[in-house]
Amino acid sequence: MAHYSGEYASATKVAQALAWPGQLVERHGWEYEIWSGADRTLLENVRFLAGYRHPGVVPEEEVERAWHEVLDGEEMALAERLLSLLDNR
C-alpha cells in the first residue's frame, strides 16, 4: 500500500510510477490500493497496526485465540476488553 497526498496522486509521473507495482502485485492475486487524501489519524492507525501483522511480534497462541474469540467488525476496544477478561478467567 502506498500513500501520497491528493495533489501528487493525480500527477502523471506519480501515476506512471505506481502503475507497474500494481500490475506486479495483481499478477500474484493480491489487491493493490493507493490511498490519497486519507485522514492522517486513520493512516497513522493503519501504520501502527501493520506492525503487528509480522510473525513473532505477538505470540502465536494469542493470535489464534483472538481469531476464535473476536468477531469481524468488532471495535478494537471491545476486542481488547474481551481478551483481557478471558485472560483473567
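Computed from a predicted structure; not experimentally measured.

1. Quick notes on the overall build of the protein
Then comes step 1: On a plain count of helices and strands, the protein comes out with five helices and two strands.
Then comes step 2: Sequence-ordered secondary structure for the protein, helices as α and strands as β, is β-α-α-β-α-α-α.
Then comes step 3: Buried residues in the protein amount to 13% of all 89 residues.
Then comes step 4: Summarising the internal contacts of the protein: among those between residues at least 6 apart in sequence, 46% fall at separations of at least 24.

2. A short note on the confidence of the model for the protein
Then comes step 1: Put simply, the protein has an average pLDDT of 79, and 87% of its residues get 70 or more.
Then comes step 2: Ranking the helices and strands of the protein by mean pLDDT puts helix H4 (residues 60–69) first, with 85, and strand E1 (residues 2–4) last, with 50.

3. With respect to a negative patch on the surface
Then comes step 1: Taken together, the side chains of Glu60, Glu61, Glu62 and Glu64 present a region of like negative charge at the surface.
Then comes step 2: Take Glu64: it is sitting in helix H4.
Then comes step 3: Classification of Glu64 as partly exposed rests on a relative accessible area of 37%.

4. So, helix H2 (residues 12–27)
Then comes step 1: An ideal rise of 1.5 Å per residue puts 22 Å on 16 residues; H2 measures up with 23 Å between its terminal C-alpha atoms.
Then comes step 2: Following H2 by one or two positions, Gly29 has its phi on the positive side, about 85 degrees.

Cut-off values and rules
Residues numbered from 1 in each chain as written. Predicted model: local features only at pLDDT ≥ 70, side-chain atom pairs only at ≥ 80, totals over all residues. Heavy atoms only, no water. Helix = DSSP H or I, 4+ residues; strand = E, 2+ residues; numbered from the N terminus. Buried < 20%, exposed > 50% of the residue type's maximum accessible area, 1.4 Å probe, protein only. Contact = heavy atoms within 4.5 Å. pLDDT = per-residue confidence, 0-100. Patch = residues over 30% accessible without salt bridge, like charges linked within 9 Å, V, L, I, M, F, W, Y side chains within 5 Å. Areas by Shrake-Rupley, 256 points an atom, 1.4 Å probe, with all protein chains shown as cover. Salt bridge = Lys/Arg side-chain N within 4 Å of Asp/Glu carboxyl O. Lys, Arg positive; Asp, Glu negative; His and termini not counted. Charge placed at Lys NZ, Arg CZ, Asp CG, Glu CD. Expected span 1.5 Å × (residues − 1).

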